[in-house]
Amino acid sequence: MKQTVALALVVIFAALAAAPAGAHCQVPCGIYGDAMRVEMLAEHVTTIERSIKGITELAGKTSPADLNQLVRWIENKDTHADLIAEVVTEYFLRQRIKAPEGGDAAAQKRYADQLATLHALLTVSMKAKQTVDPAIPGQLRELVERLKALYF
């Protein structure tokens, strides 16, 4: 009986240890850097831009290989749009952007501008999923640059 319980515990602990790790938690450990997150946003924008180009190049083609690649480009574009939204919400909005305390008008304006920029990033990343408009990556890139200027 003891061996069965011990074996069951080993199996349970092994299963838990093998479970995939999720996104970074909200413990303020300082492992991840703000500059790296902004670089990730820029990389996602570039990937969306390339995906839109790939989708446009394959538009109207009907071979099975072309249709397969078209689906892959669409999935890639949508995934990277979701990753932008994840970085914005999970990292910046939940952890890094803090409401200023006190009556500092300049700090309040900066905070409002940061929130508006992050909200715009969320909105335009959603539009990136809904369309293949080649202007979308440019809008996203401008917003990432605005965030960089407001944040650092």
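Provided above is the structure to which this section pertains.
If you're wondering where the values come from, they're calculated on a predicted model, not measured in any experiment.

A. Quick look at the overall build of the protein chain. Scanning the protein chain for helices and strands turns up five helices and zero strands. Scanning the protein chain from its N terminus toward the C terminus, one meets helices and strands in the order α-α-α-α-α. Within the protein chain, contacts between residues separated by at least 24 positions form 72% of all contacts whose residues are at least 6 apart in sequence. Within the structure as shown, the protein chain displays about 9700 Å² of accessible surface, and the carbon and sulfur contribution to it stands at 61%.

B. Broad picture of the pattern of salt bridges. Taken as a whole, this structure holds seven salt bridges when the rule is applied. Its salt-bridge partner being Arg96, residue Asp34 comes within 3.0 Å of it at the nearest N-O pair. With Asp34 in helix H2 (residues 34-58) and Arg96 in helix H3 (residues 64-96), this pair connects stretches of sequence that are 62 residues apart. On the basis of relative accessibility, which here comes to 37%, the residue Arg96 falls in the partly exposed class. Where Asp78 meets Lys77, a salt bridge forms, and the shortest distance between an N and an O atom there is 3.2 Å. The class for Asp78 is buried, based on a relative accessible area of 18%. Judged by relative accessible area, Lys77 falls into the buried class, the value being 3%.

C. Layout of H3. An ideal rise of 1.5 Å per residue puts 48 Å on 33 residues; H3 measures up with 46 Å between its terminal C-alpha atoms. Taken together, the buried positions of H3 are Leu70, Trp73, Lys77, Asp78, His80, Ala81, Ile84, Val87, Val88, Tyr91, Phe92 and Gln95. Residues of H3 that are buried in the fold lie against H2, helix H4 (105-130) and helix H5 (136-151).

D. The arrangement of the packing of H4 against H5 in detail. Look at H4 against H5: their axes get within 9 Å of each other, and the N-to-C directions meet at 160°. Here H5 runs roughly antiparallel to H4, going by the angle between their axes. The element H4 and its partner H5 pack so that their crossing is left-handed. Together, Arg110, Asp113, Gln114, Thr117, Leu118, Ala120, Leu121, Val124, Ser125, Lys127 and Ala128 of H4 and Ile136, Gln139, Leu140, Leu143, Val144, Arg146, Leu147, Leu150 and Tyr151 of H5 make up the contact between the two elements. Here the contact of H4 with H5 is composed, by residue class, of 12 nonpolar, four polar and four charged.

Cut-off values and rules
Residues numbered from 1 in each chain as written. Predicted model: local features only at pLDDT ≥ 70, side-chain atom pairs only at ≥ 80, totals over all residues. Heavy atoms only, no water. Helix = DSSP H or I, 4+ residues; strand = E, 2+ residues; numbered from the N terminus. Contact = heavy atoms within 4.5 Å. Areas by Shrake-Rupley, 256 points an atom, 1.4 Å probe, with all protein chains shown as cover. Salt bridge = Lys/Arg side-chain N within 4 Å of Asp/Glu carboxyl O. Buried < 20%, exposed > 50% of the residue type's maximum accessible area, 1.4 Å probe, protein only. Expected span 1.5 Å × (residues − 1). Axes fitted to C-alpha atoms, helices over the stretch in contact; angles between N-to-C directions. Parallel < 35°, antiparallel > 145°, perpendicular 65-115°, else oblique. Left-handed = near helix turned anticlockwise from the far one by under 90°. Nonpolar A, V, L, I, M, F, W, Y, C, P; charged D, E, K, R; others polar.

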